[in-house]
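Coordinate analysis (summary)
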Amino acid sequence: LGSNTLLYEGKAKKLYGTKDSGVLRVEYLDQATALNGVRKDFVDGKGSLNNQITSLVFEQFNQSGIKNHFVEKISKHEQLVESLEMIPLEVVIRNVSAGSFSKRLAITEGLPLAFPVLEFYYKEDQLDDPIINEDHIKILEIATEQEIETIKQEAHKINQALIDLFKKIDIQLIDFKIEFGKRADGTILLADEITPDTCRLWDEETKDHLDKDVYRRNLGELIPVYQEVLDRLEKVFNQN
Ligand code: C5P
C-alpha cells in the first residue's frame with residue numbers, strides 16, 4: 001500500500017494507506033446518510049465529533065482489555081488504525097426493542113429485552129445488507145464456526161462494556177452495530193467505529209434520542225446532539 005493512497009471510501013469515512021503497511025489512516029467525513037446511502041446530507045462538524053467519540057470509546061476499551069484496531073487520534077477528524085482483513089458482517093446487539101427489530105417483529109419500541117439479542121447482517125451493499133444466520137455465515141464462508149463463536153463472545157463483552165460506559169453519562173444503550181477484522185495470524189478484533197451513527201443512545205431521564213435517529217427521523221439538529229454525547233464522555237473520562 002502506498003503512503004496516502006485512498007483505499008476505500010465509505011458513507012461516513014475514507015481510508016488511506018500510510019508509510020507503515022500495518023497502519024491505515026481514517027478520515028471521518030462531514031456527511032450523514034440514511035437508507036443505505038439513498039439519503040445523503042453534508043453535516044458540518046459531524047466527522048470530527050464522531051472521530052473524537054469513537055477514539056475515546058476505543059481508548060477506554062484498550063484500557064479495559066477489549067482489543068480493537070484503534071492506534072491513535074492524529075487530528076480532530078483523523079485517526080490511525082491497525083490494518084485488518086475486514087469480516088463482511090454487521091453484528092448488532094439489542095438490549096431494548098427499537099428500529100428494524102420493532103418493525104420486523106411488530107414489537108413496540110422501548111421494551112427492555114429479557115436478554116441481549118444478537119443479530120448478524122451480511123455487509124453487501126448490492127443486497128442491502130440482509131439479516132443472516134450462522135448457517136448462512138458458514139455456507140458463504142464469511143467466517144468459520146470457531147470465528148463466529150469468538151465474534152459472539154466479543155460482541156457480548158463489548159455490549160456490557162458499552163452499557164457500563166454509557167450508564168456513567170446517564171445514557172441508556174438501546175442497541176448498536178459493530179464490525180470485526182482479522183489479523184494475519186487469525187486474531188479477531190473489534191474494528192470500524194462506535195459512535196452515535198452506530199448506536200441507539202437514549203437519555204436515561206428524558207428518553208431523548210442522542211443518536212443518528214435524530215437525522216433518520218427528522219427529530220431535529222444532529223450536531224448539538226452528538227456534541228452533547230462527546231461533552232458528557234469528556235466530562236467523565238477527562239480527555240480531549
Ligand atoms: O436499523 P436497526 O434497528 O437494525 O439498527 C440497529 C443498530 O445498528 C442501530 O444502533 C443502528 O444505528 C445500527 N446500524 C448501523 N449501521 C447499519 C445498520 C444499523 O450502525 N447499516
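A short tour of the structure in this document, coming up. (Residues numbered from 1 in each chain as written. Predicted model: local features only at pLDDT ≥ 70, side-chain atom pairs only at ≥ 80, totals over all residues.)

Time to look at the pairing of strand β13 (residues 188-191). Across four bridges, the pairing between strand β12 (residues 171-182) and β13 is antiparallel. Within β13, the position partnered with G181 by the bridge is L189. Between β12 and β13, which pair antiparallel and follow one another directly, the connecting turn spans five residues, one of which, G186, has a positive phi of 95 degrees. (Pairing = 2+ DSSP bridges. Helix = DSSP H or I, 4+ residues; strand = E, 2+ residues; numbered from the N terminus.)

Quick look at the site of the ligand now. Residues in contact with the ligand amount to 14 residues; listed here are only the nearest, G99, S100, K177, T198 and R200. Put simply, the parts of the chain that give the shell around the ligand at least two residues each are β9 (89-96), α2 (99-105), β12 and β14 (199-203). By residue class, the composition of the shell around the ligand is five nonpolar, three polar and six charged. (Near = placed C-beta within 6 Å. Nonpolar A, V, L, I, M, F, W, Y, C, P; charged D, E, K, R; others polar.)

Attention shifts here to the environment of F120. Along the chain, F120 turns up in strand β10 (residues 112-122). Among the residues examined, F120 registers 22 C-beta atoms within 10 Å and is labelled buried. Taking the C-alpha atoms as reference, F120 lies 5.8 Å from I131; in sequence the two are 11 residues apart. The residues touching F120, leaving out its near neighbours within four places in the chain, are L89, V91, I132, N133 and I137. (Buried ≥ 20, exposed ≤ 12 C-beta atoms within 10 Å, placed from the backbone. Contact = placed C-beta atoms within 7 Å.)

Before going further, it helps to spend a moment on helix α1 (residues 46-63). The end-to-end C-alpha distance of α1 is 26 Å, a good match for the 26 Å that 18 residues give at a rise of 1.5 Å each. With 13 of its 18 residues buried, α1 lies for the most part within the structure. G65, located one to two residues past α1, shows a positive phi value of around 85 degrees. (Expected span 1.5 Å × (residues − 1).)

The next point concerns the sheet that holds strand β2 (residues 13-17). What holds strands together in a sheet is hydrogen bonding between their backbones, with the strands either parallel or antiparallel. Spatially, five strands are ordered β1-β2-β3-β7-β6 in an open sheet, and the strand pairing comes out antiparallel. Across the chains shown, the open sheet's two edge strands, defined by having one partner strand only, are β1 (6-9) and β6 (70-75). Here the strands of the sheet are splayed against their neighbours by 25 degrees on average, with no regard to which way each runs. As paired strands, β6 and strand β7 (residues 78-82) are joined by four bridges and run antiparallel to one another. When the sheet's bridge partners are listed, S75 is paired in β7 with E78. Taken strand by strand, α1 contacts β3 (23-28), β6 and β7, and its axis lies near 145 degrees from that of β6. (Axes fitted to C-alpha atoms, helices over the stretch in contact; angles between N-to-C directions.)

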